[in-house]
Amino acid sequence: MHPQTAIYPGSFDPFTCGHLSLVERALKVFDKLIVALAVNVKKTPLFTVEERIQLIREACPQENVEVVAFEGLLVDYVKSRGVNIVLRGLRAMSDFEFEFQLAHMNCHLAPQIETVFMMTSQESFYISSQSVREVAAFGGRVEGLVPPNVAAKLRERFSRPKA
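Reference entry: report on the structure contained in this document. (Residues numbered from 1 in each chain as written. Predicted model: local features only at pLDDT ≥ 70, side-chain atom pairs only at ≥ 80, totals over all residues. Heavy atoms only, no water.)

**Some remarks on the overall build of the protein chain**
Looking only at helices and strands, the protein chain features 6 helices and 5 strands. For the protein chain, whose C-alpha radius of gyration is 16 Å, the value lies close to the compact-globule estimate of 15 Å for 163 residues. Referenced to the eigenvectors of the C-alpha coordinate spread, the extents of the protein chain come out at roughly 60 × 30 × 30 Å. The 163 residues of the protein chain split such that 45% are buried. In the protein chain, the proportion of contacts linking residues at least 24 apart, taken out of those at least 6 apart, comes to 76%. Carbon and sulfur atoms make up 56% of the accessible area of the protein chain, which amounts to about 9,600 Å² in all. Averaging the locations of the 18 positively and 18 negatively charged side chains of the protein chain gives two centres separated by 4 Å. (Helix = DSSP H or I, 4+ residues; strand = E, 2+ residues; numbered from the N terminus. Rg over C-alpha atoms; globule rule 2.2 N^0.38 Å. Buried < 20%, exposed > 50% of the residue type's maximum accessible area, 1.4 Å probe, protein only. Contact = heavy atoms within 4.5 Å. Areas by Shrake-Rupley, 256 points an atom, 1.4 Å probe, with all protein chains shown as cover. Lys, Arg positive; Asp, Glu negative; His and termini not counted. Charge placed at Lys NZ, Arg CZ, Asp CG, Glu CD.)

**Remarks on the pairing of strand β3 (residues 65-70)**
Bridge count for strand β2 (residues 32-38) against β3 is 6 bridges, and the pairing is parallel. Counted as the bridge partner of A38 is F70 from β3. (Pairing = 2+ DSSP bridges.)

**Quick look at the packing of aromatic side chains**
Using the criterion set out here, one finds 5 aromatic pairs in the structure. Centroid distance F70 to Y77: 5.0 Å. Interplanar angle 20°. Geometry classified as stacked. In this structure Y77 comes out as buried when scored by relative accessible area, which is 12%. Members of the aromatic cluster, each reached through a chain of ring pairs, are Y8, F12 and F15. (Phe/Tyr/Trp six-rings, centres within 6.5 Å; stacked < 30°, edge-to-face > 60°.)

**Some thoughts on the layout of surface pockets**
Taken as a whole, the largest pocket encloses approximately 1,300 Å³ of empty space. Lining of the largest pocket is provided by 45 residues; of these, P9, G10, S11, K43 and R88 occupy positions nearest its centre. If you list the elements that add at least two residues to the lining of the largest pocket, you get β1 (5-10), α1 (17-26), α2 (49-59), α3 (74-80), β4 (85-90), α4 (93-109) and α5 (129-137). If one sorts the elements of the lining of the largest pocket by residue count, α4 sits on top with 8 residues. (1 Å grid on protein atoms, 1.4 Å probe; cavity = no way out; pocket = protein on both sides within 12 Å on 5 of 7 lines; lining within 4 Å. Points joined across faces, edges and corners; volume = space filled by probe spheres on them.)

**A few points about the packing of α2 against helix α6 (residues 148-158)**
One way to put it is that α2 packs onto α6 with a least axis distance of 9 Å and a crossing angle of 145°. Contact with α2, carried on its side by E51, L55, E58 and A59, involves N149, V150, K153 and R157 of α6 and no other residues of that element. The residue inventory of the contact of α2 with α6, partitioned by class, reads 3 nonpolar, 1 polar and 4 charged. (Axes fitted to C-alpha atoms, helices over the stretch in contact; angles between N-to-C directions. Nonpolar A, V, L, I, M, F, W, Y, C, P; charged D, E, K, R; others polar.)

**Notes on a nonpolar patch on the surface**
Residues L73, M105 and L109 make up a contiguous nonpolar surface patch of roughly 280 Å² in combined accessible area. Relative to the elements of secondary structure, L109 occurs in helix α4. (Patch = residues over 30% accessible without salt bridge, like charges linked within 9 Å, V, L, I, M, F, W, Y side chains within 5 Å. Salt bridge = Lys/Arg side-chain N within 4 Å of Asp/Glu carboxyl O.)

**A look at the environment of E58**
Inspection of the secondary structure assignment puts E58 in helix α2. On the accessibility criterion, E58 (42% relative accessible area) is partly exposed. With 89 residues separating them in the primary sequence, E58 and P147 have C-alpha atoms 9.2 Å apart.

**Quick word on the nonpolar core**
The nonpolar side chains of a soluble globular protein tend to be buried with one another. Counting 36 residues, the largest nonpolar core has F15, V23, L33, V35, L87 and L154 as its most contacted members. Grouped together as the second largest cluster of nonpolar side chains are 13 residues, I34, V68, V75 and Y77 included. (Core = buried A, V, L, I, M, F, W, Y, C linked by side-chain atoms within 4.5 Å.)

Right, dumping it as structure tokens:
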């Protein structure tokens, strides 16, 4: 059997325990996983591209995990890497509707690329990057929602000077 590589795209702002769980489980199915950070110029991220890449690399030190950033259409990036599998995580039905439309658009643009969906773990289905950013911004506890290195970076980013 030949080695199989998948690309797991996302904004990962920040990288959560749900993302980490998906990476770990995907490595049981795929020989290599490329975590592809989508650079969206229309969004103002909490962390820079470089910070997110570093945080993901620290959280995913496995040799068969590559962390990169890309701009433009996902299908163009996937084709440029010679890969034909896109991995996407699903948390809830609302995710499914969005991901279903996205997968079909990608299929229209590049029929040779398959989208593989993996359900998030039972422990992390409720975690979203947006909710983690909100909890962190108000000084809430993010331990268990994000890997320890990301929790430390969030505390640093949202630390309030003592009056």
